[in-house]
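If you want the building blocks of each chain, they are given just below.
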Amino acid sequence: MAGPRRVLTLIAGAALFVSACGGAASPSPSSGGAASAPASAGESTGASAPAASSGVPAGTKITVTSLWGGSEQEAFQKVLDAFKAKTGIEATYQAQRTDYATVLQNKIQGGNPPDVAIMPGLGFLRQFAASGGIKKISDLGIDTTALESNYPPGLLDPGKVNGELYGLMVKFNSKSTFWYAPSKVSTPPKTWDDLKSTLDSLGGQPLAVGAKDSWTLTDWFEEIYLRQNGADAYKKLFSKDGDWTDGTAAKAIQTMLEVVNDKYVTGGIKGALNTAFTDAIGQIYGKNAKSSLFYEGGFVGGIATGQINKDLKIPSDIDWFDFPSLGGAGDGAAEIGGDEIAALTTNPGVKEFIQFMTDPESGTTWAKTGAIISPIKAVGQDAYPNDLAKKEAAQVAGASAVVYDGSDTLPAGAPDMGAMLQKAIQGQDPTGLLKDFNDGVKSAWESES
Amino acid sequence: MSTDIVAAQAAPRTSDRTLSARIVRGLNKTPIHIALGVVALIWLAPTIGLLITSFRPREDIASSGWWEVLSTLRFTFDNYADVIGAQGMGRSFLNSIIISVPSTLLPLIVCSLAAYAFSWLRFRFRDTLFLIVVALMMVPVQMGFIPLVQMFAPFGLTRGFVAIWLAHTAFALPFGIFLLRNFFITLPRDLIEAARIDGASVFGTFRMIVVPLSVPAIAAYGIFQFLWVWNDLLMSLIFVQTNANYPMTIQVTTLLGTYGTEWNLLAAAAFLLMAVPLAVFFSLQRYFVQGLLAGSVK
Amino acid sequence: MTANPQPIQATPAPRGGGKLAVERDKPATLLLFLGPAVVLLLVFLVYPVIYTLRMSVDRGLGGNFSRFVGLDNYASLLRTPSFVHSIENNVLWIIFYVTFVIILGLIIAVIAMRVSYEAIIKAIVFLPMAIAATALGVIWAFVYAYDSNIGLLNALLAAINVGPIAWLGDSSIANSALIAVGVWGSTGFATVILSAALKGIPTEIIEAARTDGANEFQIFWRIILPMVSLPISVLAVTLIVNVIKLFDIPYVMTNGGPGDSTRVIAFELYKQDLSAGQYGKAAAVAVVMLVILIPVMIFNIRRFRSEAVV
């Protein structure tokens, strides 16, 4: 009997200890457990920081959440540091790598939302706007018409729900970038047929695909669909009126399977389904690179050089070419994946932060990290630190049409498009898959309205 | 089933008198030893592999399997240093403790009290009420997600640890009451009656007689509840809404997503998560097994 | 007996609480002992059940009762292929996980009984019970890894020039691969329970059968198996409950993929419905889980009425 009794005493003792320090747990220490200063210390530094021009009390703190980790998180932290230096307001970043929407939804329900969220999906933005989870930009006292002139025309439109501005695009990346290892691919392919012949001549499964992260497959599909059918058809497909069963989507999947197959993909299809997105970057740009080609958005450059392999030289070790043309209506178009910033509270500091994020200063700071392309007009080409990012900004600026990432615009309740494509690349009949998918998307649109 | 099943229990002492008899017996058992060797290997190898991997340098992990460790024989604490510091596992280790201890002690207290009432107090509808408690054992935690999160909202309970403490406590009750009540009713009635006749209060009887006599059961249940909470992922995903308060289970899944597959970090983090349960297992095996067996019907 | 349905038949003698000579206890006493439990149960279990039932027939926009929709949420679940698939996967789990855990547990218990190091074997097999499913997922991620420098299984296959096999990257085997992890994790539990049951069989019965000329095979099927059938049924029920609530293993190891090949009910609720803020649908899934568990609830109450502890 001595044994368990001793244990209980121990546990009781531990409980006293814990309740002693648990009581001090403050709501917003820094994320990820990085050693955070005690709340009091934070306040005192806030007091000595430059006084906020907007009259926000010194020591104000806000929380900002998004789903970046690794080098993308480090890049964004530089923006937050600049914000603190300018206003004295401390914005703490909370990374939500997994289940972004579920966790955010849940925090809103729990009355515990972050102050600001930067979200990747317009579907989420509409969902949260409809349920009252996020505030209108105008509710913060920000003049939305004045903002428009900071951006290229139409760029703020995706952030509007029923005509009201809820989200502002703070960064984007091109999704029309096809990455290659210049040492192995001497002439980058221009057309889809070039791509296939390049793959053939390289031999031995040279195409890295991180299909375990199913969103990489949706990007493949979107690029192909856009090029085959043009920007208008693309926008229609991802709207309420989209028809996934009219044959165009099936054709795009068939085209995708011409290269995303066991012959070309590193490790075969099943190997790719076991490979995460960042692991696929490792396959082409890591220390023991096996692959020569890899398709994903412009952010690959930052991750590859900042996290996977810091020895990479630009452009001799890493470079990209435009997604190959397919001879359709959308060959000159570009697809972008953008993130929208939205306010979940009207706490002091939130307005200042959102305003800061529309400012060329924040755009330039962020652009200098090479992780993103800034949508703010005043951020010039020279802000980008390397040729990869400069080229990316120029690609989007020079595109015949720019479309938004389609899978991000679908309603949040839609079936998982990536999961559908995971089935397709394993050989399931696209027509049947698309029929089910179409039904699910239709009912998700209906339940959104 | 070539050899008999019961002989192993009954026979050895009588038949192993001579050396040759023992050798013959040993030979007869060879297939059994081989089978059990395979079993031990299957159940040990994955965990040992994780342990070895967690101490290997990152480059070695990428270039050779842990089973080839003898050919490289390089070990490092870097993985642990990295996950504890930069990856926040140190902080979340503390969080796991802050979550688990009250979520174990609270149900222990509430369940003991209620179980005592259900076994030794007299009141109307006692058995009906107890049946309801047994029925509530099956309510899946998913039932509580939406209403409880909303209920906690006005008080901001999900911001700290109170929400997860309360949620764990409440969902532990039906089973805890059931288990402890089944133990309490086996206590000798004379003893309890005598105490009451001697003028001890109901609470006095509970504290001086029932609880001390039930330490093994309470300890077993406590261990089960502690491990249940320590190992829980789903409840924390819902009820812990401040990232800085995340327990280790969430932190490990975050590591899975953040850097692709950083095997070295993952191995070290997973082993840290296992450390406490393993320590409990090796130090308190008997109560531990009892606790888990008892808790398994939850 | 109806007034006092305590499990006295099984072990009669000095047991059976509640028969103290005292009359009814005072309300204040009851309040002290039962108050906390009753309040917590009402607030945290009974109310949520009622709430969730109501929410499951509501549109549930933004988590509020916005519009009564009858059984629409349930109908829409049936039309959702990933939900139907998650039910199918759960059924596969029930069949294979439960069967393999019990069979393996029984085999190990039977053969371990004949060696002196029985306790060690049981401890080794039982060890995974201590480990979080999250850690279990990581351990097995190493076993299943596609890269034969990391994945133990593919390294073994490479040694005989086969493979590699994408254990978690192939829709047709991923769910089975996860079930294997579950079996590995739970076999020790079955071993320990069944081992205790086997030791409870009186030796004389078996000796008697043997003298009557029964062979070992007959003894196992006719005597041993029937005598452990009750523990096995209890075990099976417990394992079924585990499976219906299963969440962590698919969440950690495959995130439900590839496609939706490893989604299970609890995962679907969390991933598909909560994330989209479809609280009505999420509530309907929770109700489906409860309904599946009702037979288990009835089984448990019957068991409780007939005997005390397992």
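What counts, and at which threshold
- Residues numbered from 1 in each chain as written.
- Chains lettered and ligands numbered in written order.
- Predicted model: local features only at pLDDT ≥ 70, side-chain atom pairs only at ≥ 80, totals over all residues.
- Helix = DSSP H or I, 4+ residues; strand = E, 2+ residues; numbered from the N terminus.
- Buried ≥ 20, exposed ≤ 12 C-beta atoms within 10 Å, placed from the backbone.
- Contact = placed C-beta atoms within 7 Å.
- Nonpolar A, V, L, I, M, F, W, Y, C, P; charged D, E, K, R; others polar.
- Pairing = 2+ DSSP bridges.
- Right-handed = clockwise from strand over helix to strand, strands pointing away.
- Axes fitted to C-alpha atoms, helices over the stretch in contact; angles between N-to-C directions.
- Parallel < 35°, antiparallel > 145°, perpendicular 65-115°, else oblique.
- Left-handed = near helix turned anticlockwise from the far one by under 90°.
- Core = buried A, V, L, I, M, F, W, Y, C linked by C-beta atoms within 7 Å.
- pLDDT = per-residue confidence, 0-100.

(A) A look at the overall build of chain B. Along its length, chain B carries 18 helices and zero strands. Across the 298 residues that make up chain B, the buried fraction comes to 58%. Considering only contacts in chain B between residues 6 or more positions apart, those separated by 24 or more positions represent 73%.

(B) The overall build of chain C, seen in detail. A count of helices and strands for chain C gives 13 helices and zero strands. Mapped from its N terminus to its C terminus, chain C presents α and β elements in the order α-α-α-α-α-α-α-α-α-α-α-α-α. Principal-axis analysis of the C-alpha atoms places the extent of chain C at approximately 80 × 70 × 30 Å. Across chain C, contacts joining residues at least 24 apart in sequence account for 65% of those joining residues at least 6 apart.

(C) Looking closely at the interface of chain A and chain C. Taken together, the contact pairs 27 residues of chain A with 25 residues of chain C. Looking at the side of chain A that touches chain C, the elements that each hand over two or more residues are helix H4 (100-109), helix H10 (268-273), helix H17 (417-425) and helix H18 (430-448) of chain A. The leading source of residues in the side of chain A that touches chain C is H4(A), at five residues. For the side of chain A that touches chain C, the class distribution of residues is five nonpolar, 16 polar and six charged.

(D) Representation of the pairing of strand S1 (residues 61-66) of chain A. All names here are of chain A. By the criterion of burial, S1 is predominantly enclosed, with six of the six residues buried. By the alternation rule, side chains of S1 split into Lys 61, Thr 63 and Thr 65 and Ile 62, Val 64 and Ser 66, which are all buried. Both S1 and strand S2 (residues 90-95) contribute to a ladder of six bridges, which runs parallel. Note that in S2 the partner of Val 64 across the bridge is Tyr 93. On the question of chirality, the crossover connecting S1 to the parallel S2 by way of helix H3 (residues 70-87) is right-handed. In this sheet, strand S3 (residues 116-119) lies alongside S1 in parallel orientation, the contact comprising two bridges. Looking across to S3, one finds that Thr 65 is bridged to Ala 117.

(E) Just the packing of helix H4 (residues 118-126) of chain C against helix H7 (residues 171-199) of chain C, in detail. All names here are of chain C. Between H4 and H7, the shortest axis-to-axis distance is 7 Å and the interhelical angle comes to 145 degrees. Mapping the contact onto sequence places Lys 122, Val 125 and Phe 126 in H4 and Thr 187, Gly 188, Thr 191, Val 192 and Ser 195 in H7. When its residues are assigned to classes, the contact of H4 with H7 shows three nonpolar, four polar and one charged.

(F) Geometry of the packing of helix H4 (residues 30-54) of chain B against helix H3 (residues 81-112) of chain C. Packing of H4(B) against H3(C) brings their axes to within 10 Å, and their N-to-C directions diverge by 135 degrees. The pairing of H4(B) with H3(C) is recorded here as oblique in orientation. Considering only the axes of H4(B) and H3(C), their crossing is left-handed. In this structure, H4(B) uses B:Ile32, B:Ala35, B:Leu36 and B:Val39 to contact H3(C), whose residues at the interface are C:Ile108, C:Ile111 and C:Ala112.

(G) The interface of chain C and chain B, seen in detail. The interface is formed by 93 residues belonging to chain C together with 93 residues belonging to chain B. Residues belonging to the side of chain C that touches chain B are distributed by class as follows: 71 nonpolar, 13 polar and nine charged.

(H) Just the nonpolar core, in detail. Residues A:Val116, B:Ala114, B:Ala167, B:Ile177, B:Leu180, B:Ala269 and B:Ala270 are the most contacted members of the largest nonpolar core, which totals 318 residues. Per-element tally for this core: the top contributor is helix H8 (residues 89-120) of chain B, with 17 residues. Among all residues touching B:Ile177, those that are not within four sequence positions of it are B:Cys111, B:Ala114, B:Ala115, B:Phe118, B:Val133 and C:Ala37.

(I) View of the environment of A:Gly123. All names here are of chain A. Mapped onto the elements of the fold, Gly 123 is located in helix H5 (residues 122-130). A tally of 22 C-beta atoms within 10 Å means that Gly 123 is categorised as buried. Between the C-alpha atom of Gly 123 and that of Ala 276, which follows or precedes it by 153 residues, the distance is 24 Å. Excluding anything up to four places from it in sequence, Gly 123 contacts Asp 408, Thr 409, Leu 410, Pro 411 and Ala 412.

(J) The confidence of the model for chain C, seen in detail. Residue and element names in this part refer to chain C. Looking at chain C, pLDDT values average 84 and 90% of them are 70 or higher. The lowest-confidence element of chain C is helix H9 (residues 216-227), averaging 82 in pLDDT; the highest-confidence one is H3, averaging 93. Overall, residues 1-18 carries pLDDT values under 50, and its contacts beyond four positions in sequence, including any with other chains, amount to 26 contacts. Interface confidence in the predicted complex, given as ipTM, is 0.82; pTM for the same model is 0.83.

(K) View of the sheet that holds strand S9 (residues 293-295) of chain A. Residue and element names in this part refer to chain A. An order of S8-S9-S7-S10 is seen for the four strands of this open sheet, with the pairing classed as mixed. Of all the strands in the sheet, the pair left with one neighbour each is strand S8 (207-208) and strand S10 (319-322). For strand S7 (residues 177-180) and S9, the ladder comprises three bridges, and the chain directions are antiparallel. Each residue of the ladder has a partner; that of Phe 178, found in S9, is Tyr 295.

(L) Here's a closer look at the confidence of the model for chain B. All names here are of chain B. Within chain B, residue pLDDT values average 83, and 87% of them lie at 70 or more. The element-level mean pLDDT for chain B is lowest in helix H1 (residues 7-10), coming to 38, with H8 highest at 94. This model gives residues 1-15 a pLDDT under 50, and the stretch forms 18 contacts once residues within four places in sequence are excluded.

(M) Main features of unusual backbone geometry. All names here are of chain A. Here Ile 314 and Pro 315 are connected by a cis peptide whose omega angle stands at 0 degrees. Tracing the backbone through its elements, the reader meets Pro 315 in the loop between helix H12 (299-308) and S10. Phi is positive for Asn 162, which is not a glycine, with a value near 50 degrees. By the secondary structure assignment, Asn 162 is in the loop between strand S4 (160-161) and strand S5 (164-165). When the 8 C-beta atoms within 10 Å are taken as the criterion, Asn 162 is described as exposed. The backbone of Gln 205 shows a phi angle near 50 degrees, a positive value even though the residue is not glycine. Examined against the element boundaries, Gln 205 turns out to sit in the loop between helix H7 (192-202) and S8.

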